[in-house]
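Breakdown of the fold
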Amino acid sequence: MKILHITSELDAGGVDVLLYLWQRSLKKQGVEMDFLVNSKNRGSIENNMTISGTNIYRTCPLRTNLLKNIWDVYAIIKKNKYDIVHIHSGYKAFLHLFLAKLALVKVRIVHTHNIPCCNSRIDNIFFRITRIFTLYLATSIFSCGYTAAQKMWGDSTKIKDKL
């Protein structure tokens, strides 16, 4: 089984360390976990991951070059034929979920690690629109807690079936 995790960085934060521990544990069971990092900065735990044979791909952040990010992400997913794509960016995952769907990935997971912060009317509108697309494209949704799940995904029965 091949899994691709898409995240903003692989530094020594809580999520990053958890991914590192999963990678070490699942590798012993024959699961191949790769990482796609939306940053040019090299995280502090990446050396340990690459030593153990994990592939770490880099793309430019969406804000830097949207079209290059889209092309690179799609090419990586398509070329490596992943069984699962697990995206760690909450409601902003819709674009990468769409690319995974285009590349025929059957299991597309979106994972929120916090509660969305909508400081302006525009942020709130963006959140509501992208959440709709994210929920449509994801086959499963994860959350680090009940409150985060409620605030991010809502309470509908359709959503609870994906949780």
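Everything here concerns the structure above.
Residues numbered from 1 in each chain as written. Predicted model: local features only at pLDDT ≥ 70, side-chain atom pairs only at ≥ 80, totals over all residues. Heavy atoms only, no water.

Backbone geometry at Lys81 places phi at a positive 50°, although glycine is not the residue there. Looking at the element boundaries, Lys81 is found in the loop between α3 (66–80) and β4 (84–87). Overall, Lys81 belongs to the exposed group, its relative accessible area being 63%. (Helix = DSSP H or I, 4+ residues; strand = E, 2+ residues; numbered from the N terminus. Buried < 20%, exposed > 50% of the residue type's maximum accessible area, 1.4 Å probe, protein only.)

Moving on, we get to the nonpolar core. Ranked by internal contacts, the top residues of the largest apolar core, which has 25 residues, are Leu4, Ile6, Ile77, Val85, Leu97, Val110 and Trp153. At the level of elements, β1 (2–7), α3, β4, α4 (94–102), α5 (121–137) and α6 (146–153) are the ones that each hand at least two residues to this core. Ile77 has contacts with Leu4, Tyr82, Val85, Ala100, Ala103 and Val105, leaving out every residue within four places of it along the chain. (Core = buried A, V, L, I, M, F, W, Y, C linked by side-chain atoms within 4.5 Å. Contact = heavy atoms within 4.5 Å.)

Here we take up the environment of Ile132. Within the fold, Ile132 resides in helix α5. Separated by 38 residues in sequence, Ile132 and Phe94 place their C-alpha atoms 8.7 Å apart.

Our focus in this paragraph is the pattern of salt bridges. For the structure on display, the rule yields two salt bridges. Across the pair Glu46 and Arg58 runs a salt bridge, and its minimum N-O distance is 2.3 Å. You can see Glu46 sitting in helix α2 (residues 46–51) and its partner Arg58 sitting in strand β3 (residues 56–58), a full twelve residues away along the chain. On the basis of relative accessibility, which here comes to 25%, the residue Arg58 falls in the partly exposed class. Among the ionic pairs, Lys68 bridges to Asp72, the shortest N-O distance being 2.9 Å. (Salt bridge = Lys/Arg side-chain N within 4 Å of Asp/Glu carboxyl O.)

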